[in-house]
Each structure stands twice: as C-alpha cells, then as structure tokens.
Amino acid sequence: MLFAIFVGIGDRVLPEPMKSASLNTRTTINKSLIGLFPTRRSKLKPHERTNKAIEEAENNK
C-alpha cells in the first residue's frame, strides 16, 4: 500500500530526491503497461468519404 501511495502521489508531497524517484517510477510503470497492448490501426479511412464529397462539390461548380 505504501508503494501505491509513493507512486501515486509521491511527486506532489515528498521532498526532492524522493519526488523525482516517484515520478520516474510512475512513468516507467505507465510505459511498461502501455507497451503490453499493441497499437491498433483502423483499416477504415475516416476522412475518405468526406474528402470525396468535397472534391465532387468543387468539381460541380
């Protein structure tokens, strides 16, 4: 439980040597957890239909 408090709010309440250690620990944990999940790329092109509609509207002028 102390570790969770240290990581969670340690950079706000602790003096400098421990403040930066808390921030670095939290940053490392966040990067590790985010790295576990692959980035998902959408196969859909969300702006393709809108861009085509704009081009058609400009060509019809």
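A brief report on the enclosed structure follows. Quick caveat: nothing in here was measured; it's all calculated off a predicted structure. (Residues numbered from 1 in each chain as written. Predicted model: local features only at pLDDT ≥ 70, side-chain atom pairs only at ≥ 80, totals over all residues. Heavy atoms only, no water.)

Time to look at the environment of N24. Positionally, N24 belongs in helix α2 (residues 16-36). Accessibility expressed as a relative area gives 48% for N24, which makes it partly exposed. N24 sits 17 residues away from V7 along the chain, and the two C-alpha atoms are 8.9 Å apart. (Helix = DSSP H or I, 4+ residues; strand = E, 2+ residues; numbered from the N terminus. Buried < 20%, exposed > 50% of the residue type's maximum accessible area, 1.4 Å probe, protein only.)

A few words now on the side chain of D11. Within the secondary structure, D11 sits in helix α1 (residues 2-13). Separated by 2.9 Å, the side chains of D11 and R26 make a polar contact. Once you skip the residues sitting within four places of it in the chain, D11 turns out to touch K19, S22, L23 and R26. (Polar contact = N/O pair within 3.5 Å; in protein donor to acceptor, adjacent residues only side chain to side chain. Contact = heavy atoms within 4.5 Å.)

Don't take any of this as a statement about function, it's just geometry.
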